[in-house]
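Chain by chain, the residues:
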Amino acid sequence: MQTTMSVATLFVLLFGLGGGVPLGVPPAEEDPLMARVAPPKCLFYTTWAGTAEPNPQSGNQTEQLLAEPEVQHLAAEIERMVNQALRLAAEKAPPERAALVRDLSEWWRRILTRPAALFVSDVELKRGKPEIHAGAVFQLGEDAGKFEAMLLKHLRRALGGAVEEVKIEGETAYRIQLGPDVPAITWGVTEGYLGIGIGQGTLEAIVERSEAEPPEWLTRVRERLPIERRSTLTYIGARQIRELIFSATKGPNVREIAGAMGLENLAWIGSTTGLDETGFVNRAFLAIDGEPQGLLALLEKPLTREDLGPIPRDATAAVAARFDSVQLWKTVLSIAEAADPRAHQELLRNVGRLERETGIELRQGVLEPLGEVWRFYLAPNQGGLMFTGLTAVIDVKDPDRLAQTLRQFRDMVVRMSDRRNGPRIEQFTFAGREIQFFIARQKGFPLAPAWILTDDRLVIGLFPQTVKAYLSREEGSESLAAVAEVARLFESNQAPNKLAFVNTREVFESTYPLLMMGVMGAQVATAELQRQGFDIDISALPSAGAIGKHLIPSVTAVERTDAGIEVISRQTIPGGNIGSSAPVAVALLLPAVQAAREAARRAQSMNNMKQIGLALHNYHDTYRHFPAQYSTGPEGKPLLSWRVHILPYLEQAPLYEEFRLDEPWDSEHNRKLIARMPPVYRVPGRDMEGKTHYLAASGEAAIFTGGKPGSIREIIDGTSNTIAVVEANDEAAVTWTKPEDLDVGMNDLISRLVGVRPKGFLALLADGSVRFVDEKIDRDTLKALFTRRGGEAAAKW
């Protein structure tokens, strides 16, 4: 599979996601019919031109790239692999389905490389169910009759009587009705075109519009987003979709969320892609009724050439933007409040806790002193292409206040450095400036973030060397604004509010060897695929020279206009428009979004457990022992969990004082306090009404042994090798005040632990650190980790 991924990676690099060779690059002449069939009322519409043979004599670098013999060979190899995959699927499928797969393998390329249009004209809610009206038109040319016969044969074989013949304007068409609650699908082939209509009367309307003029909204998109040789065009009726969502969603805060995000007055979104004189162009426009709101309102003032001054001309990648950080923070809070008031309050509590712990106020101490221009870049003399060379340069409008904040940060680190192996801040002088840098002194944190504060800028690097490189630049040296592709952005009256730049050729030439290493290491996987009948030719990968010479810098600019916001990208590599690439992008981003959400929740849970660990140690410092697993009454009856008794060390002393310590957890009085469980006991993403997933490891050999308190000196196996508290799964969660935890003597402990985190669980060790434990951990090792003096070896976990 490594080789397959290598081929796929290069294929994506060459042809983009959704806007490459299959969808009209280089574009052939547009088919006027695709514009005429667009509905007057439209929620969504996308069309692509046919694909022409690339001209090697063209002055356009994208077309020259696609005309390269090696790239043509790769495209042919990709097509062969797709057909081979379909053939293998047919061999394993039932006979009838296998015949369909074989027939489709002859048609997929012809359909995707000829003009087509797809649209959704309307969605109505009837009796609580959506009724969709959508359609599609494909140009099939002289092969249309063959395609009709093939499709009709398979539909009748599969659906039988559900396929009926109808007449539309005297032409034969076919209607499929799969059930009373399923929209009818009508399709037909005429004059070289395949038409498909979903919903009653949709195909009839397509036929009627085939002789009409294009709708007004389509003409508006074309005029707003002109491209010399158009490949794709997409339109999204944001206003209509928004009202549809408002009417279908019963939540009271939907409009508030839309307003906070700036979607309340978004009228429509359009996008076009294609070729200009030099490369590939992607233009998108967000039309806005009135003034931008929410996030869109942040794009207020344009950048200037001088704003790019700190970014060196030879930057490999760079991003520059102008926005008000205080306004951004307010917008984030308003979105959070509209989306989830409880999450909003938790965010404010976490920020407040952080401010109290550090002594630094986020808004007054950090956001307000910063200016409006933010720059991030990588440059060869500051660490090369890798992230280690990342440098941030941010304008400062109140250097004195920001200097005070940096001193507060330093004082906090100094206090922390008094602890064993605590972090520290070092400083040195370079080029007449004092550079400070942070040393974490912890495993898993290899960075040494450094910074300097000048009269007007804050410079931050992941290592001191990047800040030194920034100071080493000669005064008056050329900036990114001198690069021709960037300079053109400032030649008109409308300068960008945000821009992104990538020296594509340099990135490609630096990463191409990594691709080759992946290919070299894939021989075993290739052999296995070949044994399964799937042949891969790794020699089809083009050489670096065939690609690199055609790559021009990629530049994306976001511009605010009187009517809305426009995004323009220019590059060599074809990239899809928002319509053709959206399904692919969503498919790719969903796992990433889920992973990001899981990472954030995991980090917050680890922070909760660290606070619990700190509270346990502070309790130990006070009483010379940890709290008992639970307090007991006169007859030894368990009363309240250890989680209650460490409340004073979690800044929850007032709540602790409300408990009646001589009564059990479920007494009439104490039961009323269950609902007031502190946030630190709640696992992010889980809300189980007073239940917590944070359980002590309990048992005769564990740290917590019923009503008897334990101490650090009893942990003979070492505090870094002994688990004190775990994050258990939903089934194991208990009421937080109840004297109940995880019995480490039970069988199959993993079944009680894994579930909240994928493939493992979090554990708080007796030394206060938190680690992730893989579900595949050796069971003897896991047992050893739960014992305080078992003498077992648990070092390699």
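Heads up: the structure comes first, above all this text.
Criteria and thresholds
Residues numbered from 1 in each chain as written. Predicted model: local features only at pLDDT ≥ 70, side-chain atom pairs only at ≥ 80, totals over all residues. Heavy atoms only, no water. Core = buried A, V, L, I, M, F, W, Y, C linked by side-chain atoms within 4.5 Å. Buried < 20%, exposed > 50% of the residue type's maximum accessible area, 1.4 Å probe, protein only. Helix = DSSP H or I, 4+ residues; strand = E, 2+ residues; numbered from the N terminus. Contact = heavy atoms within 4.5 Å. Patch = residues over 30% accessible without salt bridge, like charges linked within 9 Å, V, L, I, M, F, W, Y side chains within 5 Å. Areas by Shrake-Rupley, 256 points an atom, 1.4 Å probe, with all protein chains shown as cover. Salt bridge = Lys/Arg side-chain N within 4 Å of Asp/Glu carboxyl O. Axes fitted to C-alpha atoms, helices over the stretch in contact; angles between N-to-C directions. Parallel < 35°, antiparallel > 145°, perpendicular 65-115°, else oblique. Nonpolar A, V, L, I, M, F, W, Y, C, P; charged D, E, K, R; others polar. Polar contact = N/O pair within 3.5 Å; in protein donor to acceptor, adjacent residues only side chain to side chain. Pairing = 2+ DSSP bridges. Phe/Tyr/Trp six-rings, centres within 6.5 Å; stacked < 30°, edge-to-face > 60°. Lys NZ or Arg CZ within 6 Å of the ring centre and 35° of its normal. Left-handed = near helix turned anticlockwise from the far one by under 90°.

**Description of the nonpolar core**
Formed by 35 residues in total, the largest nonpolar core has its most connected members in Ile 612, Leu 616, Ile 646, Tyr 681 and Trp 736. Among the elements of the structure, helix H21 (582–623), helix H22 (642–645), helix H23 (653–658), strand E24 (694–698), strand E25 (723–727) and strand E28 (760–765) are those that each provide at least two residues to this core. The greatest single-element share of this core, amounting to five residues, is contributed by H21. Non-local contacts of Ile 612, meaning those with residues more than four positions away in its chain, are made with Trp 642, Ile 646, Leu 650, Val 680, Tyr 681, Tyr 694 and Leu 764. Counting residues in each nonpolar core, the second largest holds 30 residues, with Phe 437, Leu 471, Val 486 and Leu 489 among its members.

**A closer look at a nonpolar patch on the surface**
On the surface, Leu 159, Leu 178 and Val 182 cluster together to form a nonpolar patch covering roughly 240 Å² of accessible area. By the element assignment, Val 182 lies in the loop between strand E5 (171–176) and strand E6 (185–190). We classify Val 182 as partly exposed; its relative accessible area is 38%.

**Looking at the packing of helix H12 (residues 325–339) against helix H13 (residues 341–358)**
Helix-helix packing is described using two parameters, namely the angle between the two axes and the distance between the axes. Between H12 and H13, the least distance of the axes is 5 Å, while the angle of their chain directions is 140°. Judged by the angle between their axes, H12 and H13 are oblique. For the pair H12 and H13, the contacting residues are Trp 329, Leu 333, Ala 336, Glu 337 and Ala 339 in the first and Pro 341, His 344, Leu 347, Leu 348 and Val 351 in the second. Of the residues that constitute the contact of H12 with H13, the class distribution is eight nonpolar, one polar and one charged.

**Details of the side chain of Thr 46**
If you trace the backbone, Thr 46 turns up in strand E1 (residues 44–48). On the accessibility criterion, Thr 46 (6% relative accessible area) is buried. A polar side-chain atom of Thr 46 sits 3.5 Å from the main-chain carbonyl oxygen of Leu 233.

**Things to note about the sheet that holds E24**
An order of E27-E24-E25-E28-E29 is seen for the five strands of this open sheet, with the pairing classed as mixed. The two strands at the open ends of the sheet, each matched to only one other strand, are strand E27 (742–743) and strand E29 (770–774). As paired elements, E24 and E27 share two bridges and run parallel to each other. By the bridge assignment, Ser 698 is partnered in E27 with Asp 743. Contacts from helix H26 (residues 779–786) reach E24, E25, E27 and E28 within the one sheet, and its direction differs from that of E25 by about 115°.

**Things to note about the packing of aromatic side chains**
The final tally for this structure, using the stated rule, is 15 aromatic pairs. With centroids separated by 5.7 Å and ring planes inclined at 45°, the aromatic side chains of Trp 268 and Phe 285 adopt a geometry described as tilted. One end of the pair, Trp 268, is in strand E9 (residues 266–275); the other, Phe 285, is in strand E10 (residues 280–288), and 17 residues separate them in sequence. Each of the two residues, Trp 268 as well as Phe 285, counts as buried. Look at Phe 409 and Phe 438: their rings are 6.2 Å apart centre to centre, the planes differ by 40°, and that puts the pair in the tilted class. Pair noted here: Phe 409 is in helix H15 (residues 399–417) and Phe 438 is in strand E15 (residues 433–439), with a separation of 29 residues, a long-range link. When the ring centre of Trp 107 is taken as origin, the NZ or CZ atom of Arg 110, which lies over that ring, is 4.0 Å away. One residue, Arg 224, lies across the ring of Phe 285, its end atom 4.1 Å from the ring centre.

**Quick look at the pairing of strand E13 (residues 391–396)**
Most of E13 is tucked away: six of the six residues are buried. Taking every second residue as pointing to the same face, both faces of E13 are buried, with Thr 391, Val 393 and Asp 395 on one and Ala 392, Ile 394 and Val 396 on the other. In this sheet, E13 lies alongside strand E12 (residues 370–378) in antiparallel orientation, the contact comprising five bridges. Across the sheet, the residue bridging to Leu 370 is Val 396, located in E13. Direction of pairing for E13 relative to strand E17 (residues 457–461): antiparallel, over a ladder of five bridges.

**Some details on the pattern of salt bridges**
Applying the stated criterion to the full structure yields 30 salt bridges. Between Glu 651 and Arg 356 there is a salt bridge; the shortest N-O distance is 3.7 Å. A residue pair is termed long-range when its members are at least 10 positions apart, and Glu 651 in the loop between H22 and H23 and Arg 356 in helix H13 qualify at 295 residues. With a relative accessible area of 56%, Arg 356 lands in the exposed category. A salt bridge links Asp 741 to Arg 643, with the nearest nitrogen and oxygen atoms 2.9 Å apart. Of the two residues, Asp 741 sits in the loop between strand E26 (734–735) and E27 while Arg 643 sits in helix H22, which places them 98 residues apart along the sequence. For the pair formed by Asp 741 and Arg 643, the shared burial category is buried. Among the charged side chains, a salt-bridge network with shared partners connects Lys 301, Asp 307, Arg 322 and Glu 372.

**Quick look at the packing of helix H11 (residues 254–261) against H12**
Where H11 contacts H12, the axes come no closer than 8 Å and their chain directions differ by 165°. As far as their axial angle goes, H12 and H11 are roughly antiparallel. Note that H11 runs across H12; the crossing there is left-handed. Contacts from Glu 256, Ile 257, Ala 260 and Met 261 in H11 reach Thr 331, Ser 334, Ile 335, Ala 338 and Ala 339 in H12. Counted by class, the contact of H11 with H12 contains six nonpolar, two polar and one charged residues.

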